[in-house]
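Commentary on secondary and tertiary structure
If you want the building blocks of each chain, they are given just below.
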Amino acid sequence: MCGLFGVISTTLVTNEIDNAEFLGYLSGTRGMHSTGVAIVGRSTKGKTLYDVCKKPYASPNFLRCADYDATMRRIDHPMVYTGHARHATIGAINEENAHPIEEGDLIVCHNGTIHSMAPPKADEDKETDSKELVRRIKNVGLFKALDQAEYGAWALTIINLEKRSITFVRNDQRELWFMSTKGGGTLYWASEKWM
């Protein structure tokens with residue numbers, strides 16, 4: 001069981017990022033093996049700015065690490081903050097297997113397990129079912145990749161840098177909850193309703 005969390009707005013202000021960090025801290029109850037975030041900012045000259053930081057740390061330690069602080073400073077005008085707290089079910093616990101997963105123009109966080117996409121045991125230090133799912137999303141599209149999963153559990157946040165879009169999808173095996181501000185300009189998400 002992993003935890004997804006995040007926030008999107010036209011321009012994130014300090015308290016919105018603080019709220020998303022708090023959701024990340026709470027998500028540590030769902031996954032303590034690694035934590036990661038992606039920050040996406042306003043595009044300049046047709047290029048979307050983003051940075052990803054992930055470590056094999058529980059969220060309280062991750063949120064205090066120097067690499068996370070540096071990532072937060074690199075994007076001047078953030079619009080999306082998406083994160084993942086991993087509970088490793090398939091694949092080794094290391095930085096390479098932490099989420100978000102980058103594949104071409106996609107940045108993806110996956111909560112769930114898809115046994116039919118599990119790598120051979122010998123490859124679990126650098127591969128996971130989540131990485132295979134993301135590769136298939138990139139190569140054959142979201143719906144076909146999910147059809148190929150046959151059975152399993154998933155809740156996904158998918159950022160497409162080229163299309164400048166964010167997609168949320170889940171099946172009945174995983175939850176994903178949303179809350180918007182009163183004016184509707186900011187959207188938060190988390191894997192548990194109480195968060």
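Provided above is the structure to which this section pertains.
Predicted model, so just to flag it, every value in this text is computed and none were measured. (Residues numbered from 1 in each chain as written. Predicted model: local features only at pLDDT ≥ 70, side-chain atom pairs only at ≥ 80, totals over all residues. Heavy atoms only, no water.)

What about unusual backbone geometry?
- A cis geometry characterises the amide bond from His99 onward to Pro100, with omega recorded as 5 degrees.
- For Pro100, the location among the structural elements is in the loop between strand S4 (78–86) and strand S5 (101–103).
- Look at Glu150: it is not a glycine, yet its phi comes out positive at around 60 degrees.
- Here Glu150 shows up in the loop between helix H5 (142–148) and strand S7 (155–160).
- One non-glycine residue, Arg164, adopts positive backbone phi at about 55 degrees.
- Locating Arg164 in the fold gives a position in the loop between S7 and strand S8 (165–170). (Helix = DSSP H or I, 4+ residues; strand = E, 2+ residues; numbered from the N terminus.)

A look at the sheet that holds strand S6 (residues 106–111)
- Spatial ordering of the open sheet is given by S5-S6-S7-S8, a layout of four strands whose pairing is antiparallel. At either margin of the open sheet sits one strand with a lone partner, and together these are S5 and S8. Here the average twist between neighbouring strands, direction ignored, is 20 degrees.
- Relative to S6, S5 runs antiparallel, the two sharing three bridges. Bridge pairing links Glu103 to Leu106 in S6. (Pairing = 2+ DSSP bridges. Axes fitted to C-alpha atoms, helices over the stretch in contact; angles between N-to-C directions.)

Looking at the pattern of salt bridges
- Summed over the entire model, instances satisfying the criterion amount to ten salt bridges.
- Glu127 is the salt-bridge partner of Arg135, the closest N and O atoms lying 2.5 Å from each other.
- Overlapping salt bridges, with partners in common, bring together Glu127, Glu132, Arg135 and Arg136 in one network. (Salt bridge = Lys/Arg side-chain N within 4 Å of Asp/Glu carboxyl O.)

Examining helix H4 (residues 129–140)
- Between its terminal C-alpha atoms H4 stretches 16 Å, which fits the 16 Å expected from twelve residues at 1.5 Å a residue.
- Among the residues of H4, those classed as buried are Asp129, Ser130, Lys131, Glu132, Leu133, Val134 and Ile137.
- On the buried face of H4, the contacting elements are S5, S6, H5 and S7.
- With a side-chain oxygen lying 3.3 Å from the backbone nitrogen of Ser130, the N-terminal cap of H4 falls on Thr128.
- Positioned one or two residues after H4, Gly141 has a phi angle of 100 degrees, which is positive. (Expected span 1.5 Å × (residues − 1). Buried < 20%, exposed > 50% of the residue type's maximum accessible area, 1.4 Å probe, protein only. Contact = heavy atoms within 4.5 Å. Polar contact = N/O pair within 3.5 Å; in protein donor to acceptor, adjacent residues only side chain to side chain.)

So, to be careful, I would describe these as geometric facts and stop short of saying anything about function.
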